[in-house]
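Notes for the structure review
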Amino acid sequence: MPQKSTEAYPYAFTVSYVERAWQHRWRCSDVTFHCLEGALCQQWVQTIREQLTALTSRPKHLLVYINPYGGKQQGERIYEQKVAPLFTLASISTDVIVTEHANHARDHLRTEAELKQYDGVVCVGGDGMFSEMVHGLVSRTQRDNGVDQNSPEEKLVPCTLRIGIIPAGSTDCICYATVGINDPVTSALHIIVGDAQPMDVCSVHHNNTFLRYSVSLLGYGFYGDVLADSERKRWMGPARYDFSGFKTFLTHHYYEGTVSFLPATDILGTPRDKTRCRAGCFICQHNGQLYSEDAPEICETDPDVSDSEYKGGWRVIRGKFLAINAASMSCACPRSPKGLSPAAHLADGTTDLILVRKCSRFNFLRHLLRHTSKYDQFDMTFVEVHRVRRFRFTPRYCQSDSELDLRENGKRLFSQICRDHPACSCSPAYSSWNCDGEILPHAAIEVGVHCQLIKLFARGIEEQPVFEDLPNPCAV
Ligand SMILES: CCCCCCCCCCCCC/C=C/[C@@H](O)[C@H](CO)NC(=O)CCCCCCCCCCCCCCC
Ligand SMILES: Nc1ncnc2c1ncn2[C@@H]1O[C@H](COP(=O)(O)OP(=O)(O)OP(=O)(O)O)[C@@H](O)[C@H]1O
Ligand SMILES: [Ca+2]
């Protein structure tokens, strides 16, 4: 039918809305409505505004921290050009702080920020900036509630404010695992519509002293060594991880020690599942607290593994490891689209402990390559994976305070055998822990998972429609 010209309908209003685009991206579109009477137009606008104001999940006032030096140093530009106009359109007011040094955002959140006036906090940066937000907010919440962070057994109080991430970093692994893509516009729209995604947080302790929190990867051996080497090559930008990854792969160091862990036996699902943690995940909705008929019984000996034993519900494994990784979420990122532990859950109160034992370089390469293909990286004789609630690691050789000082001065310590034979190519005694991209000073650590300690402005990765199955709109 022919459309009447807009002159016949002199009054109009425009509604902006979210449209799903390709590969988990969201875009802002708009539609303009025309009408004959000004009063009617005004009534529509008023009603829509009232409906939107009544949605309590939508933030109205946000505190934004921008790291001007994250990733490719585009944080400020990304925020001003892509995000701020959308916040204005959605009537969200903001207080913006451009950080002046590392830990600026963490310390401001922990001690100074007047959090009561905000509906959420947002960081523009990468995983390191997100980690600052987590540390600031979690520490502040514990302090306000009189909880001692130094006690590894302490139950932590969940944070009420949600955290938004506008990706502008090198890895953006948190964004990938919670949104499915590192796209600033998509993340801004998830904040605007007021999404909420709970997330687990691991606390890391050494000798009853709190060290750090982790939300993605705690990695000893390979990923610790990659990070330690890459820190000396910051000038290379994001490419430093590939360079240090290649170098660390060639050095092929293994580390001796004991891993003890408390298996998560009261849950449905395993790290080898084919199902994935997606928006509205059934397992996370139940805090991972599902009883499984198939849950393995804890027995006191394991006939398959000669170097493992059980002690009071804890399983103890001694060995030589190329890598010990704890993935609290999938850790999906462009380098590994399915992640270190593809079936890990964002909010089930567990972490997937992956043990890669000493093997040949060729086998380790096969294992690494499987992170980039559809093949199962755990289906190898030298790899095992356990879904756990707590774990400890103790290196075989004890670390003295003077050795810790040496480590901090950048020197590498070699094991007793190596010190006796300086010319041999033995592995050093200790690696470092990569804790969400930060190096930890201690090799001996104790880790506990705190179920759903924080919330993000996200909804988990949405299942993608299978376009081939939909009727072709042109043909109908
Ligand atoms: C042959 C190709 C195999 C590729 C296998 C790739 C697996 C990559 C898995 C990446 C997991 C990232 C987990 C995220 C950790 C974040 O909390 C943290 C903070 O942003 N990022 C890093 O620590 C940054 C860590 C970055 C680690 C990059 C490791 C790159 C390994 C390259 C190995 C090359 C071997 C080549 C042999 C010919
Ligand atoms: N103004 C600043 N100057 C220097 N460093 C800062 C500043 N603000 C934040 N940082 C630090 O920069 C580090 C990296 O930031 P961010 O996570 O945003 O980027 P990234 O490129 O993803 O990180 P990475 O380089 O660690 O992968 C963070 O650990 C953060 O503490
Ligand atoms: Ca988890």
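Residues numbered from 1 in each chain as written. Chains lettered and ligands numbered in written order. Predicted model: local features only at pLDDT ≥ 70, side-chain atom pairs only at ≥ 80, totals over all residues. Heavy atoms only, no water.

1. Here's the deal with the packing of helix α2 (residues 75-89) against helix α6 (residues 184-192)
- Interhelical geometry of α2 versus α6 gives an angle of 30° and a closest axis separation of 10 Å. The orientation of α2 with respect to α6, classified from their angle, is roughly parallel. Considering how the two elements wind past one another, α2 and α6 form a crossing that is right-handed. The residues of α6 that touch α2, namely those facing I78, K82, V83, L86 and F87, are P184, V185, A188, L189, I191 and I192.
- Split by residue class, the contact of α2 with α6 holds 10 nonpolar, no polar and one charged. (Axes fitted to C-alpha atoms, helices over the stretch in contact; angles between N-to-C directions. Helix = DSSP H or I, 4+ residues; strand = E, 2+ residues; numbered from the N terminus. Parallel < 35°, antiparallel > 145°, perpendicular 65-115°, else oblique. Left-handed = near helix turned anticlockwise from the far one by under 90°. Contact = heavy atoms within 4.5 Å. Nonpolar A, V, L, I, M, F, W, Y, C, P; charged D, E, K, R; others polar.)

2. Notes on the domain arrangement of the protein
- For the protein, the domain assignment lists domain 1 (11-42 + 56-196) and domain 2 (205-454).
- Contacts between the two partners involve 24 residues from domain 1 and, on the opposite side, 25 residues from domain 2.
- Summing the contributions of domain 1 and of domain 2, the shared interface buries around 2,300 Å²; its carbon and sulfur component is 64%.
- The interface formed by domain 1 and domain 2 holds zero salt bridges in total.
- Where domain 1 meets domain 2, there are seven residue pairs in polar contact (both at pLDDT 80 or more).
- Of all the elements in the fold, those that place two or more residues in the side of domain 1 that touches domain 2 are α4 (127-144) and α5 (173-178).
- It is α4 that provides the largest number of residues to the side of domain 1 that touches domain 2, a total of seven residues.
- For the side of domain 1 that touches domain 2, a count of residues per class yields 12 nonpolar, 10 polar and two charged. (Domains from an automatic or database assignment. Buried area = accessible area lost by both parts, 1.4 Å probe. Salt bridge = Lys/Arg side-chain N within 4 Å of Asp/Glu carboxyl O. Polar contact = N/O pair within 3.5 Å; in protein donor to acceptor, adjacent residues only side chain to side chain.)

3. Details of the site of ligand 2
- Close contacts around ligand 2 come from 22 residues, with G71, G126, E132, S170 and R240 the closest.
- Between E132 and ligand 2, the recorded distance is 2.3 Å, taken from a side-chain N or O atom to an oxygen atom.
- Here an oxygen atom of ligand 2 sits 2.6 Å away from a polar atom, N or O, in the side chain of R240.
- Isolated, ligand 2 exposes 610 Å² of accessible area, and the fraction of that covered by the protein chains is 86%.
- Elements that contribute at least two residues to the shell around ligand 2 include exactly α4 and α8 (240-251).
- In this structure, the shell around ligand 2 is formed jointly by two domains, domain 1 (11-42 + 56-196) and domain 2 (205-454), each of which donates at least three residues. (Near = heavy atom within 4 Å. Areas by Shrake-Rupley, 256 points an atom, 1.4 Å probe, with all protein chains shown as cover.)

4. A few points about the coordination of the calcium ion (ligand 3)
- The calcium ion (ligand 3) binds to the protein through D200 (OD), S328 (O), H345 (O), D348 (OD) and T350 (O); the donor distances cover 2.3 to 2.6 Å.
- Site description for the calcium ion (ligand 3): donor spacing in sequence, D-x127-S-x16-H-x2-D-x1-T. Separated by 17 residues along the polypeptide, S328 in the loop between β12 (314-327) and β13 (351-357) and H345 in the loop between β12 and β13 bring together distant segments of the chain. As far as the burial class goes, S328 and H345 line up, both buried. (Donors = N, O, S within 2.8 Å, 3.2 Å for Na, K, Ca; no water. Buried < 20%, exposed > 50% of the residue type's maximum accessible area, 1.4 Å probe, protein only.)

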